[in-house]
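Spelled out from the first residue to the last, the chains are:
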Amino acid sequence: MKAAVIVFPGSNCDRDCKVAIERSAGARVEMVWHQETALPDDLDLIVLPGGFSYGDYLRCGAMAAQSPVMKEVVSAAGKGVAVVGICNGFQVLTEVGLLPGALLRNAGLKYVCKPVELDIVNGQTRFTAGYGEQRQAVMTVGNGEGNYFADEETLDRLEGEGQVVFRYKENPNGSARDIAGIVNKGGNVLGLMPHPDRAFDADLGSEDGAVLFRSIFQSA
């Protein structure tokens, strides 16, 4: 089992993701600098971590989407490799076009950092199958631009095609329809604002994030 964590200037959750994946799933994790033009072979998972890539200049995730390595990430996603974008990584996935919609400033215009309760809306994805009958999870958000936005037609399509994976029980940022995480149409690209990498051990307050990482490798 093999994963890669992409490291951008300003990423600050890259090591968290590495440790979370190693401890949750026992996978080997390689750190890949954003200027690389190739990814390691035979990857089961690519993670775009949280943080403030390029200092969030211009627009969150916009500059990171232009990094050389992202061409390879898009190519790998097209071949079915599992890709997870967490927080800032979710923003990058929307900027590069792997997921629809955009992440806007929080409705309250304040940075929000706290544990949140989530409904597991679709437990049949490769990212959530490991939850079994469990339909709720607890993870931590930490963002100032976590307000998911898409037009009504797109939102209806996401709902109708089972692409909404996680939903906030109490919306912390104003996201449309309380959406916390979505997958692409192919089911192999997940973007979510809550951090599974901050919820992989009981000492962190929740182990629910570990289930997500294990689920990916069990379905690989």
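Residues numbered from 1 in each chain as written. Predicted model: local features only at pLDDT ≥ 70, side-chain atom pairs only at ≥ 80, totals over all residues. Heavy atoms only, no water.

- By the naming in UniProt, the chain is Phosphoribosylformylglycinamidine synthase subunit PurQ, taken from Caulobacter vibrioides.
- According to the UniProt record, the Subunit comment for the chain reads "Part of the FGAM synthase complex composed of 1 PurL, 1 PurQ and 2 PurS subunits."
- Note on the chain: under the UniProt heading Subcellular location, the record states "Cytoplasm". (UniProt positions renumbered as here; feature names shortened; annotations may be inferred.)

## Some remarks on helix α4 (residues 152-160)
Alright, step 1. For α4, the set of buried residues is Thr 154, Leu 155 and Leu 158. Projected down its long axis, α4 shows its buried positions confined to an angular sector of 100 degrees, all on one face. Facing away from the buried surface of α4 by more than 90 degrees, the exposed residues are Glu 152, Glu 153 and Gly 160.
Alright, step 2. Check the buried side of α4 and you find it contacts β8 (147-149), β9 (164-168) and β10 (179-183).
Alright, step 3. Its side-chain oxygen at 3.1 Å from the backbone nitrogen of Glu 153, Asp 151 defines the N-terminal cap of α4.
Alright, step 4. In the segment just after α4, Gly 162 is the residue with positive phi, at about 70 degrees. (Buried < 20%, exposed > 50% of the residue type's maximum accessible area, 1.4 Å probe, protein only. Helix = DSSP H or I, 4+ residues; strand = E, 2+ residues; numbered from the N terminus. Arc of directions from axis to C-beta. Contact = heavy atoms within 4.5 Å. Polar contact = N/O pair within 3.5 Å; in protein donor to acceptor, adjacent residues only side chain to side chain.)

## So, the environment of Ala 77
Alright, step 1. Among the structural elements, Ala 77 can be located in helix α2 (residues 68-78).
Alright, step 2. Taking C-alpha positions, Ala 77 is 8.8 Å from Ile 46, a pair spaced 31 residues apart along the chain.
Alright, step 3. Residues in contact with Ala 77, not counting those within four places in the same chain, are Val 83, Leu 98, Asn 188 and Val 189.

## Some words on the packing of aromatic side chains
Alright, step 1. A full pass over the atoms with the stated rule returns 1 aromatic pair.
Alright, step 2. Relative to Tyr 148, the ring of Phe 90 has its centre 5.9 Å away and its plane inclined at 15 degrees; by these criteria the two rings are stacked. Taken together, the residues Phe 90 in helix α3 (residues 88-96) and Tyr 148 in strand β8 connect sequence positions 58 residues apart. Neither Phe 90 nor Tyr 148 differs from the other in exposure class; each is buried. (Phe/Tyr/Trp six-rings, centres within 6.5 Å; stacked < 30°, edge-to-face > 60°.)

## So, the nonpolar core
Alright, step 1. If you look at the biggest cluster of nonpolar residues, it comprises 70 residues, and the most contacted ones within it are Ile 21, Phe 166 and Leu 212.
Alright, step 2. In terms of residue count, helix α5 (residues 208-218) provides more of this core than any other element does, 6 residues in total. (Core = buried A, V, L, I, M, F, W, Y, C linked by side-chain atoms within 4.5 Å.)

## Observations concerning the sheet that holds strand β11 (residues 189-192)
Alright, step 1. Strand order in the open sheet formed by 9 strands is β2-β1-β3-β4-β11-β10-β9-β6-β7, and the pairing between neighbours is mixed. Sheet topology places β2 (28-33) and β7 (136-143) at the edges, where each strand pairs with a single neighbour. Shown here is a sheet whose adjacent strand axes are inclined to one another by a mean of 20 degrees, direction ignored.
Alright, step 2. Here α5 sits on the sheet and contacts β1 (2-7), β3 (45-48), β4 (82-86), β7, β9 and β11; the angle it forms with β7, its principal contact strand, is near 100 degrees. (Pairing = 2+ DSSP bridges. Axes fitted to C-alpha atoms, helices over the stretch in contact; angles between N-to-C directions.)

## Some details on the UniProt feature "active site" in the chain
Alright, step 1. Per the UniProt record, the feature "active site" sits at Cys 87 and His 195. Taken along the chain, the residues just named run across 109 residues; in space they keep tight, none of their C-alpha pairs more than 7.0 Å apart.
Alright, step 2. On the secondary structure map, Cys 87 appears in the loop between β4 and α3.
Alright, step 3. Those residues in contact with Cys 87 that lie beyond four places of it in its chain are Gly 50, Gly 142, Asn 143, Leu 192, Met 193 and His 195.
Alright, step 4. A relative accessible area of 0% places His 195 in the buried class.
Alright, step 5. If we skip the residues at most four places from it in the chain, His 195 touches Cys 13, Gly 50, Ile 86, Cys 87, Met 139, Thr 140 and Gly 142.

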